[in-house]
Every structure is written in C-alpha cells, then in structure tokens.
Amino acid sequence: MAAPTAPNPVDRVEILSVIDNVFDLLLASTEVAKRKGPGGAEGQRAPTVDAPLLDSGQAEDTPVAEHGLAFLVSVTSGEERRTVLFDTGSSVHGLMHNLRALGVNPASIETIVLSHGHFDHTIGLNGLAEQLRPLPPLLVHPDVWLRRRVAIPGRDPFELPTTSPEKVRAAGFQVIEERQPSSLLDGGLMVTGEIERTTEFERGLPVQQALRDGEWQPDPLTHDDQALVVHLRGRGLVVITGCGHAGLINTVRHARHLTGIDPVYAVVGGFHLGGPLFEPIIPPTVEALREFDPQVVAPTHCTGWRAIHALADAFPEAFVPGSVGTRYQFEGARA
C-alpha cells in the first residue's frame, strides 16, 4: 500500500450493496441506483436453483437481507477497474450466497476492508475463508479484535461475538493493521483510519464496553470505525460508511480534512441513527449534512427508519433508498 495522500481522481465509482437490512424487489432503477429487479439486474440474467415444486423446476436464486452490511466498491480510471470489499455482513454464508445471486465472482476482490469489529460487519469472513482461494489481504484497525459488550443499565451485559486474529490468520488471510489512513487501488481509494471527533453531538455508543487489561472498561468511541473515501473526478468526494459509529458528520469532516477536497458528492452507508439513544441527534445531523450539500444521500443498514424518513424529507432530490442488489453508479465529470 502506498503512503496515504489525497486520493487520485477516478472516472467512475460503483458501489454494489451485497448485504443490507432490506431487500426490495420492487424498487425501480434511477440514474444513480440500478436495482436488482425480477429476472436479474439490468443486463444480467439471474442465476437459478432447483425448485422441484414449480412447473419449470427452477427458481431465481435471489439475494437475502440480514442485519449487516457489505459493499463491493469498484473504481474505474480510464479502462482500468479495481475492486475492494467493504465489510462482510452478519452471517456465515449470506455474503457468499448474495455474491453468487448477484452474479459476482469473488475472485475479483483485491482487498477486504473492515469498517470496524462488530459482528454484523465481520462474520461473513467465515464463508469467504471456506469457499475462496486465494484469500485477499484484509485491512483492519488494530481495535477490530477487541472483546466488546453492551451494558445497558438495569440489564445483564451482552457480549458481542468477537473475531479471533489468530484464527483469521490461520485461515489464510494476510492481515494488515493500520490506525492511520491507507491508500488502496493505486491511490484511487482512501481508508480513513481513525476518525477525528469534532462534532459536539456525535458521542459514540455510550453503552459499549471493551475488555482491556482484564477489565471491562467504557468504550463509547469505537476507535476502529473507519470509512472509505473516493475522489470522483470533477464532482467531489464519495464517502462510504459502515456503521458510522464515529458519526456521519465527523466522518465527512475528517474526509474533507484528509483530502483537502471540500465538495461532497455522495454519502452512502450506515449512519447509526436508529433507536432511542441516537434518534435525538437526527435533527442536528440532518442540518449539519445540509452544509455539505451532497448530491446523493443513500442511507443503509443501521441508519434507522426515523432517520431515513428525515433524510428523505430533507434531501428529496438526493435521497436514494437502499436495498440489497442496488448498484450505486457515479460518473465523473467529462473534460
């Protein structure tokens, strides 16, 4: 990997939603969101599976939704197209199933980046390790391996499933740990590394604890939370979040600071605004996002239905609803 610099401008960005909380077969395609409709995605024939109770004996092999996230992110410069996998979902086999159902050859994945260590972004590594050889390099923040639990007052703490670094390496992954920004795909894509916290109202996950030095300690900030950033030629930044535990506004501000590029063309991913702990910060988040004037706002995964509705109301032209199988396609400006 090259030393981190402002990402090189690319001509095209494509983000395929492989895992998300929603799969809606009836969503219509738009200019920037090509949908997985009945019979396959546009220009592709859907794969089939045996269904002996049907007249035809075959059924479309449809993708599934789950509480998790995985994006296949591709950038194109000239004639060269490069691809990374961002997160892997929450089930052992969902990722590989959906890649197959969406007609994607997993051998096209050059690198895997984990946004953070929570299970709904990491468990799909198990299916990859079972079915794919050779395995791509795996880029993570060192805190991705932390044992964590949710400790809600008045309830017994719930420990989250933890990915083992020893077992991941033994499975064949080349693991690269970085706290700082990283540059991938010959400079066409940046991984933010740790995100600076500058927004007063974005204070992380207050009920989270991590096991450090043999003791459960407060861990509200989830320092391993990181995002992907692409510079779309002539249009600005495309910011791709996993859960957004660092805060959507913190993340976008940090991306602008790292790159020195102010225009924000698109924000896509989980914004973590669902549930009673985070719904109170929906209004200031929406207002702060207005200042960036993104042309595409595509909330997914853990954003929450109240925040999704608020974003749809605030950005009626930019808003794009998420669904498994959606291909977000962003074209750079022509010279």
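Description of the structure in this document. Keep in mind that this is a model prediction, so the values were computed, not measured.

**Some details on helix α4 (residues 248-259)**
Part 1: Given a rise of 1.5 Å per residue, 12 residues ought to cover 16 Å, and the 17 Å separating the end C-alpha atoms of α4 matches this to within 8%.
Part 2: Where the residues of α4 are buried, they touch β16 (189-191), β19 (228-232), β20 (236-241), β21 (264-270) and α5 (282-290).
Part 3: Of the residues one or two after α4, G260 is the one with positive phi, at around 75°.

**Considerations on the pairing of strand β23 (residues 327-331)**
Part 1: Counting buried positions over the 5 residues of β23 gives 4, a clear majority of the element.
Part 2: Where strand β2 (residues 12-19) meets β23, 5 bridges bridge the pair, whose relative direction is antiparallel. Along β23, the bridge assignment pairs E14 with Q329.
Part 3: In this structure, strand β3 (residues 33-34) lies alongside β23, joined through 2 bridges in antiparallel fashion. Bridge pairing links K34 to R327 in β23.

**Here we look at the environment of R148**
Part 1: As for its placement among the helices and strands, R148 is situated in strand β12 (residues 148-150).
Part 2: Counting along the chain gives 13 residues from R148 to P161, while the straight-line C-alpha distance between them is 8.1 Å.
Part 3: At a separation of 2.6 Å, a polar atom in the side chain of R148 contacts the side chain of D219.

**Re the sheet that holds strand β8 (residues 70-77)**
Part 1: Taken together, the 8 strands give an open sheet; going across it, the order is β3-β23-β2-β8-β9-β10-β11-β14, and neighbouring strands pair in mixed fashion. Each edge of the open sheet carries a strand with a single partner, namely β3 and β14 (175-177).
Part 2: Inspection of the sheet shows β2 paired to β8 by 7 bridges, in the antiparallel sense. Considered in β8, the bridge of I15 is made with V73.
Part 3: Packing of helix α1 (residues 94-101) onto the sheet brings it into contact with β2, β8 and β9 (80-86), and relative to β2 it is tilted by some 125°.

**What to know about the packing of α5 against helix α6 (residues 305-314)**
Part 1: Axis separation between α5 and α6 bottoms out at 10 Å; the angle between their running directions is 35°. Pair α5 / α6 crosses with right-handed handedness. Judged by residue contacts, I282, V286, L289 and R290 of α5 engage R306, A307, A310, L311 and A314 from α6.
Part 2: When its residues are assigned to classes, the contact of α5 with α6 shows 7 nonpolar, no polar and 2 charged.

**Describing unusual backbone geometry**
Part 1: Cis geometry marks the peptide bond from R133 to P134; its omega dihedral reads -10°.
Part 2: Tracing the backbone shows P134 in the loop between α2 (125-131) and β11 (138-140).
Part 3: For D213, which is not glycine, the phi dihedral falls at a positive 55°.
Part 4: Tracing the backbone shows D213 in the loop between β17 (208-212) and β18 (215-218).
Part 5: Phi at H272 is positive, roughly 45°, even though this residue is not glycine.
Part 6: Within the secondary structure, H272 is located in the loop between β21 and α5.
Part 7: Classification of H272 as buried rests on a relative accessible area of 16%.

The rules behind these values
Residue positions within a chain follow its written sequence, with the count starting from 1. Residue-level local features of this predicted model are given only where pLDDT is at least 70; pairs of side-chain atoms are given and counted only at 80 or more, and the full residue set underlies all totals for whole chains, interfaces and linings. Water and hydrogen atoms were dropped before computing side-chain values, which therefore reflect all heavy atoms in the structure. Runs of H or I in DSSP of at least four residues are treated as helices and runs of E of at least two as strands, each being numbered from the N terminus. By this rule, a helix spans an expected 1.5 Å times one less than how many residues it contains. The contact criterion used throughout is that any non-hydrogen atoms of two residues lie within 4.5 Å. Partly exposed residues are those whose accessible area sits between 20% and 50% of the maximum for their type, while under 20% is buried and over 50% is exposed, using a 1.4 Å probe and protein chains only. Should DSSP find at least two bridges between two strands, the strands are regarded as paired. Whenever two N or O atoms come within 3.5 Å, that pair is a polar contact, provided that in protein one can donate a hydrogen and the other can accept it, and provided that, for residues adjacent in sequence, both atoms are side-chain atoms. For every element, the axis is a line fit to its C-alpha atoms; helices are fit only across the contacting stretch, and the angle between N-to-C directions ranges from 0 to 180 degrees. Crossing handedness is read from the near helix: turned anticlockwise from the far helix by less than a right angle, it gives a left-handed crossing, and turned clockwise, a right-handed one. Side-chain classes are defined by residue name, with Ala, Val, Leu, Ile, Met, Phe, Trp, Tyr, Cys and Pro counting as nonpolar, Asp, Glu, Lys and Arg as charged, and the others, Gly among them, as polar.

Shape descriptors only; they carry no functional weight alone.
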